[in-house]
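Listed below are the residues making up each chain.
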4 protein chains.
Amino acid sequence: MSDYTPRPEHKFTFGLWTIGNRGRDPFGEFVRPPLDPVTSVHRLAELGAYGVNFHDTDLVPIDAMPAERDRIVREFRGALESTGMTVPMATTNLFTEPVFKDGAFTSHDPQVRAYALQKTMRAMDLGVELGARTYVFWGGREGAEVDAAKDPVEAITRFRDAIDFLCEYAIDHDYPLRFALEAKPNEPRGDIYFPTTAAYLALIPTLAHPEMVGVNPEFAHEQMAGLNFVHAVAQAIEAGKLFHIDLNDQKPGRFDQDLRFGSESIKALFFLVKLLEESGYDGPRHFDAHAYRTEDQEGVWEFARGCMRTYLMLKSKVQQFAAHAGIQELLAEIRGTGHTRERYSRERAEHLNAQTFDRAALASRRLPYERLDQLIVDLLLGF
Amino acid sequence: MSDYTPRPEHKFTFGLWTIGNRGRDPFGEFVRPPLDPVTSVHRLAELGAYGVNFHDTDLVPIDAMPAERDRIVREFRGALESTGMTVPMATTNLFTEPVFKDGAFTSHDPQVRAYALQKTMRAMDLGVELGARTYVFWGGREGAEVDAAKDPVEAITRFRDAIDFLCEYAIDHDYPLRFALEAKPNEPRGDIYFPTTAAYLALIPTLAHPEMVGVNPEFAHEQMAGLNFVHAVAQAIEAGKLFHIDLNDQKPGRFDQDLRFGSESIKALFFLVKLLEESGYDGPRHFDAHAYRTEDQEGVWEFARGCMRTYLMLKSKVQQFAAHAGIQELLAEIRGTGHTRERYSRERAEHLNAQTFDRAALASRRLPYERLDQLIVDLLLGF
Amino acid sequence: MSDYTPRPEHKFTFGLWTIGNRGRDPFGEFVRPPLDPVTSVHRLAELGAYGVNFHDTDLVPIDAMPAERDRIVREFRGALESTGMTVPMATTNLFTEPVFKDGAFTSHDPQVRAYALQKTMRAMDLGVELGARTYVFWGGREGAEVDAAKDPVEAITRFRDAIDFLCEYAIDHDYPLRFALEAKPNEPRGDIYFPTTAAYLALIPTLAHPEMVGVNPEFAHEQMAGLNFVHAVAQAIEAGKLFHIDLNDQKPGRFDQDLRFGSESIKALFFLVKLLEESGYDGPRHFDAHAYRTEDQEGVWEFARGCMRTYLMLKSKVQQFAAHAGIQELLAEIRGTGHTRERYSRERAEHLNAQTFDRAALASRRLPYERLDQLIVDLLLGF
Amino acid sequence: MSDYTPRPEHKFTFGLWTIGNRGRDPFGEFVRPPLDPVTSVHRLAELGAYGVNFHDTDLVPIDAMPAERDRIVREFRGALESTGMTVPMATTNLFTEPVFKDGAFTSHDPQVRAYALQKTMRAMDLGVELGARTYVFWGGREGAEVDAAKDPVEAITRFRDAIDFLCEYAIDHDYPLRFALEAKPNEPRGDIYFPTTAAYLALIPTLAHPEMVGVNPEFAHEQMAGLNFVHAVAQAIEAGKLFHIDLNDQKPGRFDQDLRFGSESIKALFFLVKLLEESGYDGPRHFDAHAYRTEDQEGVWEFARGCMRTYLMLKSKVQQFAAHAGIQELLAEIRGTGHTRERYSRERAEHLNAQTFDRAALASRRLPYERLDQLIVDLLLGF
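Residues numbered from 1 in each chain as written. Chains lettered and ligands numbered in written order. Predicted model: local features only at pLDDT ≥ 70, side-chain atom pairs only at ≥ 80, totals over all residues. Heavy atoms only, no water.

Colleague: Got a sec to walk through the side chain of Arg141 of chain C? Specific residues and values, please.
Modeller: Structurally, the position occupied by Arg141 of chain C is in the loop between strand S4 (134-138) and strand S5 (143-144). Among the polar contacts made by the side chain of Arg141 of chain C, one reaches the main-chain carbonyl oxygen of Phe27 of chain A at a distance of 3.2 Å. Non-local contacts of Arg141 of chain C, meaning those with residues more than four positions away in its chain, are made with Asp25, Phe27, Gly28 and Arg293 of chain A together with Leu94, Phe95, Phe100, Lys101, Asp102, Gly103, Pro188 and Arg189 of chain C. (Helix = DSSP H or I, 4+ residues; strand = E, 2+ residues; numbered from the N terminus. Polar contact = N/O pair within 3.5 Å; in protein donor to acceptor, adjacent residues only side chain to side chain. Contact = heavy atoms within 4.5 Å.)

Colleague: Account for the pairing of strand S6 (residues 178-182) of chain D, naming residues and giving values.
Modeller: All names here are of chain D. Burial analysis of S6 places four of its five residues in the buried class, the great majority of the element. Bridge count between strand S4 (residues 134-138) and S6: five bridges; the pairing is parallel. Opposite Phe137, over in S6, you have Leu181 as the bridge partner. (Buried < 20%, exposed > 50% of the residue type's maximum accessible area, 1.4 Å probe, protein only. Pairing = 2+ DSSP bridges.)

Colleague: Explain unusual backbone geometry to me, using residue names and the numbers behind them.
Modeller: The omega angle of the peptide bond from Glu187 of chain A to Pro188 of chain A is 10°, so this bond is cis rather than trans. Structurally, the position occupied by Pro188 of chain A is in the loop between strand S6 (178-182) and strand S7 (191-192). Phi is positive for Lys11 of chain C, which is not a glycine, with a value near 60°. Within the secondary structure, Lys11 of chain C is located in the segment before strand S1 (12-15).

Colleague: So what's going on with the sheet that holds strand S9 (residues 246-247) of chain C? Residues and values would help.
Modeller: Residues and elements named next belong to chain C. Overall, parallel pairing links the eight strands, which are arranged S8-S6-S4-S3-S2-S1-S10-S9 in an open sheet. This sheet does not close on itself; its edge strands, each paired only once, are strand S8 (213-215) and S9. The pairing of strand S3 (residues 89-91) with S4 spans three bridges and is classified as parallel. Its bridge partner being in S4, Met89 is matched across the sheet by Thr134. Lying over the sheet, helix H5 (residues 110-129) contacts strand S2 (51-55), S3, S4 and strand S6 (178-182), oriented at roughly 145° with respect to S4. Across the face of the sheet, helix H11 (residues 297-323) comes into contact with S1, S9 and strand S10 (285-287) while running at roughly 145° to S1. (Axes fitted to C-alpha atoms, helices over the stretch in contact; angles between N-to-C directions.)

Colleague: Any chance you could break down the side chain of Arg359 of chain A for me, citing the residues and the numbers?
Modeller: Within the element layout of this structure, Arg359 of chain A appears in helix H14 (residues 359-363). For Arg359 of chain A, the side chain forms a polar contact with the side chain of Asp63 of chain B, separated by 3.2 Å. Those residues in contact with Arg359 of chain A, other than ones at most four positions away along the chain, are Ile62, Asp63, Glu97, Val99 and Tyr115 of chain B.

Colleague: Residues and numbers for the packing of aromatic side chains, please.
Modeller: Residues and elements named next belong to chain B. One pass over the structure, following the stated rule, counts 104 aromatic pairs over all chains. With 5.7 Å between their ring centres and 40° between their planes, Phe159 and Tyr200 make a pair best called tilted. Here Tyr200 lies in helix H7 (residues 197-203) and Phe159 lies in helix H6 (residues 152-172), a separation of 41 residues in the sequence. Given a relative accessible area of 2%, Phe159 falls into the buried group. (Phe/Tyr/Trp six-rings, centres within 6.5 Å; stacked < 30°, edge-to-face > 60°.)

Colleague: Mind laying out the interface of chain B and chain A, listing which residues take part and the relevant values?
Modeller: Across the contact, 89 residues belong to chain B and 89 residues belong to chain A. Surface buried jointly by chain B and chain A totals about 8,200 Å² across both partners, of which 58% is contributed by carbon and sulfur atoms. Linking chain B with chain A are 14 salt bridges. A salt bridge links Asp161 of chain A to Arg341 of chain B, with the shortest nitrogen-to-oxygen separation between them at 2.6 Å. Along the contact surface separating chain B from chain A lie 38 residue pairs in polar contact (both at pLDDT 80 or more). Broken down by element, the side of chain B that touches chain A gets its largest block of residues, twelve residues, from H6 of chain B. (Buried area = accessible area lost by both parts, 1.4 Å probe. Salt bridge = Lys/Arg side-chain N within 4 Å of Asp/Glu carboxyl O.)

Colleague: Before we move on, could you go through the relation of the copies chain B and chain A and cite the residues and values that matter?
Modeller: Once chain B is rotated about the relating axis by 180° and shifted along it by 0.0 Å, it coincides with chain A to within an RMSD of 0.0 Å. Both copies of the chain, as the preceding transformation shows, are related through a two-fold rotation axis. In terms of proximity to the rotation axis, the leading residue of chain B is Ala202 of chain B, whose C-alpha is 1.9 Å off the axis. Both copies share a contact surface, since 100% of the interface residues of chain B are interface residues in chain A too. (Least-squares fit on C-alpha atoms with pLDDT ≥ 70 in both.)

Colleague: Help me get a handle on the packing of H5 of chain C against helix H6 (residues 152-172) of chain C, residues and values and all.
Modeller: Packed helices, taken two at a time, are described by their axes: the angle between them and the distance between them. Residue and element names in this part refer to chain C. Direction vectors running N to C along H5 and H6 enclose 35°, while the axes themselves pass 11 Å from each other. For the pair H5 and H6, the crossing hand works out as right-handed. Residues Arg113, Leu117, Thr120, Met121, Met124 and Asp125 of H5 pack against Arg158, Ala162, Phe165, Leu166, Tyr169 and Ala170 of H6. Split by residue class, the contact of H5 with H6 holds eight nonpolar, one polar and three charged. (Left-handed = near helix turned anticlockwise from the far one by under 90°. Nonpolar A, V, L, I, M, F, W, Y, C, P; charged D, E, K, R; others polar.)

Colleague: Describe the pattern of salt bridges, naming the residues involved and giving the relevant values.
Modeller: In total, this model carries 147 salt bridges over all chains according to the counting rule given. For Glu46 of chain A, the salt bridge goes to Arg43 of chain A, with nearest N and O atoms at 3.7 Å. Linking Glu46 of chain A with Arg43 of chain A, this pair stays in helix H2 (residues 37-47), spanning three residues, or about one helical turn. On the accessibility criterion, Glu46 of chain A (59% relative accessible area) is exposed. Judged by relative accessible area, Arg43 of chain A falls into the partly exposed class, the value being 22%. The partner of Arg71 of chain A in a salt bridge is Glu75 of chain A, and the shortest N-O contact between them spans 3.2 Å. Residue Arg71 of chain A and its partner Glu75 of chain A are both found in helix H4 (residues 66-83); the two are separated by four residues, about one turn of the helix. For Arg71 of chain A, a relative accessible area of 33% puts it in the partly exposed group. Three or more residues are tied together by salt bridges with common partners; here these are Lys267, Glu370 and Asp373 of chain A together with Arg260 and Glu264 of chain D.

Colleague: For the relation of the copies chain C and chain B, give the residues involved together with the corresponding values.
Modeller: Both copies of the chain are tied together by a single rotation about an axis and a shift running along it. Its rotation angle being 180°, the transformation that places chain C on chain B also includes 0.0 Å of axial translation and leaves an RMSD of 0.0 Å. A shared binding surface is used by both copies, with 100% of the interface residues of chain C retained as interface residues in chain B.

Colleague: Run through the nonpolar core, naming residues and quoting values.
Modeller: Core analysis: the biggest nonpolar cluster contains 514 residues, and Phe179 of chain A, Phe179 of chain B, Phe179 of chain C together with Phe179 of chain D have the highest contact counts within it. If near-sequence neighbours (up to four positions away) are discounted, Phe179 of chain C is found in contact with Met124, Tyr135, Phe137, Ile163, Leu166, Cys167, Ala170, Met212, Val213, Gly214 and Phe243 of chain C. (Core = buried A, V, L, I, M, F, W, Y, C linked by side-chain atoms within 4.5 Å.)

Colleague: Could you give an account of the environment of Lys119 of chain C, with specific residues and numbers?
Modeller: Residues and elements named next belong to chain C. Relative to the assigned elements, Lys119 resides in helix H5. Placed 62 residues apart in sequence, Lys119 and Leu181 show a C-alpha to C-alpha distance of 17 Å. Among all residues touching Lys119, those that are not within four sequence positions of it are Asp56, Thr57, Ile62, Thr92, Asn93, Leu94 and Phe100. A polar atom in the side chain of Lys119 sits 2.9 Å from the side chain of Asp56.

Shape is all these values report; function is a separate question.
The structure is reproduced here in structure tokens:
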């Protein structure tokens, strides 16, 4: 059993907002009392987590006076030090306040855009002060319900300007930060700009400091659009841009559920853990999820425990997969030896053009995917 | 009424496979007889179209002997010349034949990959011979049902290798071609690689010849995933990569319907037409759709007529929008005068950081989107 | 223009919760101040509405003392009387309070179930006192995230028991009420029991008082699951069970948007208005929607105006449809004269069995749906 | 291992069309040769299946002469007898032929409706001749793309007439058949009538012979609409109407995939097996799925083996669930002792109305669903 007990070396992190989620939803009020950040740090440390992440206002209330801010930061830092917990990532809340109701960096209002920059700079200061090395941007209000009102080309320009500005702010202050952009297709806006991880991967090469900026894919967000998350993360990895990851669970085609990791999509998340573990990704395994609204505070800790445990169980399945002779033989048969890469030359093209291919023979090659997939189901079910 | 009569200057094109669709589906057989390409050219010309596009095997059967190929091409060219129709785009069918059942450029089998290159080179030759300036790649079989079997990182590498190879082939032969990559999330594969237009936008900067390669977004394909197509096209335009476009219609979250343009998503397609017309896009307006399976051949021409007519009706609505005083006043109010762009300097950052923002005042700014959106509904309904 | 000005005879109603929606969502706080019910009645009356509907706690706060309740009811009744507004429908809020976090009528806890009955009986008293003739049940918390925990068979039994109990309460008190059950597939619960209108239509014949109970279909709710709402309402009509209807708009496959009626699904809602107007449905046209969160209070009234105006514009299109010679000719051709109904007799079966059908001839019958559908698009666009 | 070896007593059945699926899809041709029914029976018997089901034309080609029909039936019966295999279910193909392109029982054309009745009567004769006890109706073409063209109320009437007719045909011929109606939301039609299992449950009480008619829910079909299949089956069970079931797998919100049972939705299908096994359902476990198109014929048998094996593995998990002390304790805690049912009486209502409920206390009751659900994940993963 001990293999599935989380330890800091596993780099599991939670947002303060995840274990602190109080269960309000569009149709119901809070069901859990507020959870104080210091308590969160202590409880997560006891559970074996590696760190906590936060939005600025998760830690420091938006209207806190400087003295209150300092006290909060001091106590929070004390909790980190006494537990050995880290803050690998920080981010800005640019969505809760009514001022952001029509966007932050992409708002029509230059004052709102300016305030969003200010809020982010201050939040970056706070994050760096507490040790963050990754800074996440989720533009939850950057979007539209009415496509007449906002120019979607201009929205891209404005968003780029903001990221360029903030990259330079980080550089100018010698902040050891990398930025990670997090996509979501919709909710709370009818349509959010940059709806997929790939939309941000396409933006990054056009930034002033592309080397500083990567992505923070979130399982639930691609899943809402029914997209294959493993493929999205693979594209980020191939581009060298997987800077952070948000782990959770979700049923496709519905509201953002942020379910306990592994509670729904067992097979898809097995392949995600496999990809992460085998790709050399060594960043945090961050859970951006929350307990069911029916749960009390003890249930929240059960939820946190479950996220980590399921990750470790799936990781052990990944190791079994690698060691499974039947699977590896099938894979070798399926993958064959065809790893040669075609490079263009006139001769090679002429040679290819002159070849005769036996289409029927090529089509008849055995591809035992049903057998392979069944072995994976067996492995997942523990048979 | 004459304003809604298509003329070649409107640059409407159809694929041979669209008006030639014979109505087979997963549960039923062909309902319409084959349609000969020469007839298609003549009928489309009569209807006011600008051109036709094709997959290699839409025009020349896969097993045609050289003499048959030549005859077909000669007769097809004759039809083009006698009608003034053009072939702005060509593409390769890399999905119908069983040989491609597990992918073409991303197949495990180096012979299949080689054959896919050969088939594409020959199809490029054919396309260029008939005047094509855009070459589309839709990788309908590049994907997976079993994520254990194919490495999604390697799939990207293989796809990139193929595009690089074919770019060099085009360059080496002085072909006046630009490539346009077409994304789709699923069907016929469980998950297709590069599921969204943005996934290709992210790939392009990593190619050997990025300047030659853009995208061919298709409405139905983004719509299947419930994504906002106008936003996807806007990102392509902002990146200078809208090389071609596939117009049709579709209900979200279901099988690929390829419905008559404007038959379902009236409002979304109004904004698409607005974006295309106002962005300066001057490429073909290509309809990648087909008639209902219940239709006979005459119904196919009704379908084609309807695609073009609805585009023109929506285009006239775009002009009304621009001329509508009430809408323009609201837009001016909403968009304000805040077009200044923030550029980083230490002084600017310090200034911003020192500012005090009145959040409540900023949040209370009027954003009359309901009024604006209702005016658009009125305009669409003709009131 | 006056034809599109709402008047009480059009029977447009709004929930107090719709125009009173304050714009809170899962990621953001209230953006609009509370709206007092008396003001709502006056403003809606000015706009031409017929009535207002409410959840018990929309009108009377949950902890109101009897004197406060009486004052509120008196003032509300005064507003109704002075404006001529009606209360055609009332309902119970069984979802906001934490006590209902795991269901009301289907809760595991007999005390919660008992409280839900009490709250509903009192809300029925209130509704009847103010003139309601239809009583709606939306079981927003009757569902599950964890299918191990609740028995879905028992959930049906418990729900039936509650409806039977409350029917008898109404009968025993001579309340002139009919019940209307409202389905939703998910949100706020992972899965809500009775996810579709049809699920309730299937339940009703098993109730103790089926004649008292019908359905209240909501466009957005079926649309979330990508189902054809017109077909769902048609089944309710065919069963004599369309007791009420909730009108709004929604994009499929995402969170519950409750958009302004007709702001997205122009064509689908045209067919809905056609079905309602032509079926003889004479109940309220109730809008269960709310203004965009970006809107201020004036925008809320624009929203309400827009819902009604679009209904009337679509209704005028329905009249045009009926009067359109081209459409009616096509319909006559398509529908043919085949309205004979087969009734079984041994002779008829033998006769049928002995017939020879010319499949090819039958298959070749012209079905000009593309033409017909294009005429509808023309009509919708005002051409 | 032997526990997961299928045996006839497990009542696993396959359609001839499932193992005989030749891999054609909307974008590609057949990849597998035809599979002869006699071979299918033998191979399935070897694999441990209980029976095979068929559409009329799966067994007897549509244009077969009487002598050919007799030979086919004789040989097929011979295979059944020599293997001990059964034919528990039969059905009619009312979708492949162009004659049904706009519907069978709901076609506008009285000749098409008559032919559909004839074809079904003959197929019932064939099914009964071979031992079928359940007759399935899947109306794949009963639907519309154009809602102007067909009246959805009339469609219900026509469908009811057909079922009533055919019930009487069965009664008149003393056929020992029960009918099972199978719903699907879309594909091949844009929208299919009776889109959900519940839509048929609502129809049944309005039929002339409701006792003869139940439902045949299919996992993939409800899953396409993102609905909870276990809840749909539970409603069928509660109504005494689960006459047959179609098992397979599917990702939500996309084309009909008919994947190997248990290959995607491990947790949802665990709860389905649990419901079936614990409800006393003793009918066939019918797999309506097919092998990946990449598979050859041997792969088809792997696919069939996998369907049955996964069912048995999940069934053993169901037994573990029942025997798991930790899970059962939690369930007992969660479900409590509140199984009393409220029955109306004036006294009871008055008593309830007079009670004072402590909402806060009721809301604070512990509901350890996270803990429970994690135990289920552990159990599914074999930990």
